[in-house]
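Chain and residue survey
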Amino acid sequence: GYQGWGPSLTGEGDPEALAGAAVNADFLTVLQVPPALGRGFSAADDDANAAPVVILTDGLWRRRFGGDPGVLGRTIQLSGQGWQVIGVMPASFRPPEPWQILRPIRRPVTSRCNHGCIVLRAIARLAPGATIEQASQQTAAAIARLIPESPEDNSRVGSWLVPLQDQLVGPVRPALLALAGAVAFVLLIACVNLASLTTVRAAARTREFGVRAALGAGRGRIVRQLLTETVVLALMGGGLSIAAGVVGTRVLAALIPTQILEVQAIGVDAVAVMTMVGVTLLAGLLFGLLPALQGAQPNLMGVLRTANPDDGRRAGMVRRGLVVAELALALVLLVGAGLLLRTLVNLQRTDLGFQPGQLIITNVAYPSARFPEIATVSSNLEQVLEQLRRHPAIAAAEVDDVPPLAPGGDQDVTALPDGRIPPPGVEPGGIWYRSVSPGTPRLLGMRLVAGREFGPEDRAGAGLSVIITEEAARRLWPGEDPIGRFFTSGPDPDSQRATVIGVVADVRHDGPREPLKMQAFFSVAQMPTRGTSLLILPSGDPAAAISAIREIIRDNDPQMPLGAISSFSERLQAVTALPRQFALIVGAFATSAVVLALIGVYGMMAYAVGQRRREIGVRLALGAAPAAMLRWIVAEGMWLTAVGVGLGVLVAAATTRVLSASLHGVDTATSEIYTSLFVGSVRCV
């Protein structure tokens, strides 16, 4: 089991807010990753009365402690409390989340926590031979045994088990599968091109093979010769692809934000190289076999008596079929790239409900060890805001404990409209809430549609006031005016009661791809928090505003850690980074596919014209107009294109639904897909 932990490291250089986790004693044992230095956690470390100990990750150890092995046994200050370092994780340790430090959960072994006061995530390792279904049944049975302890709470508890790999790559799995499909399509087009061109080349060497056969060369020898030539060509292309792969991964690592994926760990390793070599050899053998078999069985009498032998109707049909296949595959990629480009445009046009503008953001935290009273936190935070607002480099300063586009989790509370208890079997709804300063909604550009903003009357000690979004108003009071209504956090008479004073337009808090959810905004004066974010609007140069933030925080409290400073626009770019790169990569594949298809069409048509040179000469000698001959040749190429486009339309209509998980604002069942099909067809033609 594990849960989030965000300590502040002080006394070792500049104060720094760390991302960490509280884990139980068996956590590293289950992951089978022991520390590289020191020891792991023991059962005794998990007790609340045990000495506080921590384990550092390799990155934090090297960055803040210079990789000194002497850090073992040293006491470091975390959120105003001393913690002893007992271990350092290996550099290869990749935790489920970007942690920098680990500590034991440290809960009393014999205590009985109230139901719902501990929130943990769990990682388990299946026993040898066990399946997820069996583990799910055992987990369900264990939960069932807990129901008699607290029927009201535990009767609603359930569980589900998923492979950790699926949990980690689940958000990007559809994109990865679609990219793999695009790679396969380009590979197929390249292989078809290889087969088409080698077929043409083999046909042009028919006389050579006839002479070799007449001199005693067996069919197997000719096949081996042609396959050897094809495989050599394939390996040369494979070598170039490996070099392009090395460069391409570095370019992608620079383009994709590191907070989205650990792209720096992506590269062309030995496994990738061996895979590429294997695929290249297999492609060269498979797609060089048909031309080799055709070239190895020449008509000896025909090729030896004819100056310009024809390779036959059957071979011509094979080449035309390969060209049609190339065009169809290229069209599928063109349509996919068009849909992804439309998705990117839709994401950029989506109304988020707030305006990022030039706002910059950073995090501050008030540890309970140094600020035991929450009233002290509130007064200090208000003092910091006043100093920021008076600085000439800053136009406005507000706070938001869970700002939009913030990475990590959110926070919610049960919302019973007007205190009404839902009927049996109906779960009460939850509303996501944020503690903000009075000017935060206005600074973020949220549109007030009803009621009022926070004012001086919404102070500490007064009745709890709340501003909700339109989605919350629709779901809590459908068809009614929510102003002046209230909701409670539970059915008890002493449950906290919040009165609605305003309604703002819907906010897509987690980005343009995420669905709307009920949200509530409380005044930070009435609902203070120890960890929050500063929202700063620079009056001019952002660099001057950033310097002012650091100076004011340092002067206010030298031990207060300041989180990374970033802009809202950077966060929005990070949210759309993967769709943008996805569209870019698929677009590059589609462009490559079209180029390969053009090469294939040109090669086939050039060979066909070359084979018909004598026929064309005879037609011209008999009076045929050159323009008519040109139309005849072009018509054949257009006929092949039309067949390829028609086949590609059918394939694209069936396969683009695979992209549905990666699309936004695009309905693959409506005319939008047919618009993309039409545009892709025009480009292909």
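Presented here is a report on the structure given in the accompanying data block. The shown structure was predicted, so the numbers you read here are calculated from the model rather than taken from an experiment. (Residues numbered from 1 in each chain as written. Predicted model: local features only at pLDDT ≥ 70, side-chain atom pairs only at ≥ 80, totals over all residues. Heavy atoms only, no water.)

The tally for this structure, following the rule as stated, stands at seven aromatic pairs. On the basis of an interplanar angle of 45 degrees and a centroid distance of 5.4 Å, the ring pair of Trp5 and Trp83 is categorised as tilted. Highlighted residues: Trp5 in strand E1 (residues 2–5) and Trp83 in strand E8 (residues 81–88), separated in sequence by 78 residues. Classification of Trp5 by relative accessible area gives buried; the value is 16%. (Phe/Tyr/Trp six-rings, centres within 6.5 Å; stacked < 30°, edge-to-face > 60°. Helix = DSSP H or I, 4+ residues; strand = E, 2+ residues; numbered from the N terminus. Buried < 20%, exposed > 50% of the residue type's maximum accessible area, 1.4 Å probe, protein only.)

Here the focus is the pattern of salt bridges. Two side chains carrying opposite charge are able to pair once their charged atoms lie near each other. Taken as a whole, this structure holds 21 salt bridges when the rule is applied. Of the charged contacts in the structure, one is a salt bridge between Arg64 and Glu16, with a shortest N-O distance of 2.5 Å. Of this pair, Arg64 sits in helix H2 (residues 58–65) while Glu16 sits in strand E3 (residues 16–17); the two residues are 48 residues apart in sequence, bridging distant segments of the chain. Judged by relative accessible area, Glu16 falls into the buried class, the value being 15%. Glu398 is the salt-bridge partner of Arg389, the closest N and O atoms lying 3.1 Å from each other. The class for Arg389 is partly exposed, based on a relative accessible area of 30%. One continuous salt-bridge network, built from bridges that share partners, spans Glu382, Glu386, Arg389 and Glu398. (Salt bridge = Lys/Arg side-chain N within 4 Å of Asp/Glu carboxyl O.)

Take helix H15 (residues 542–556) next. Compared with an ideal rise of 1.5 Å per residue, which puts 15 residues at 21 Å, H15 spans 21 Å between its outermost C-alpha atoms and is within 8% of the ideal. Those residues of H15 that are buried are in contact with strand E10 (360–365), helix H12 (374–390), strand E11 (394–400) and strand E20 (531–538). (Expected span 1.5 Å × (residues − 1). Contact = heavy atoms within 4.5 Å.)

When a strand is regular, its side chains alternate between the sheet's two faces. In the sheet, strand E5 (residues 37–38) pairs with E8 via two bridges, with the strands oriented antiparallel. Each bridged residue has a counterpart across the sheet, and for Leu37 the counterpart in E8 is Val88. Bridge count for strand E6 (residues 53–56) against E8 is four bridges, and the pairing is parallel. Within the sheet, the bridge partner assigned to Val54 lies in E8 and is Val85. Pairing between strand E7 (residues 75–78) and E8: four bridges, direction antiparallel. Residue Gln77 lies in a different strand from E8, and its bridge partner there is Gly82. Count of turn residues in the E7/E8 antiparallel hairpin: two residues, of which Ser79 carries a positive phi of about 55 degrees. (Pairing = 2+ DSSP bridges.)

Turning our eyes to something else, we now look at the pairing of strand E19 (residues 519–523). In terms of burial, E19 is a largely internal element, five of the five residues being buried. Taking every second residue as pointing to the same face, both faces of E19 are buried, with Gln519, Phe521 and Ser523 on one and Ala520 and Phe522 on the other. Sheet analysis places strand E14 (residues 430–436) next to E19, joined by five bridges and oriented parallel. Residue pairing across strands places Ser435 opposite Phe522, the latter belonging to E19. Across three bridges, strand E16 (residues 465–469) lies against E19 in antiparallel orientation. What sits directly across from Val466, in E19, is Phe522.

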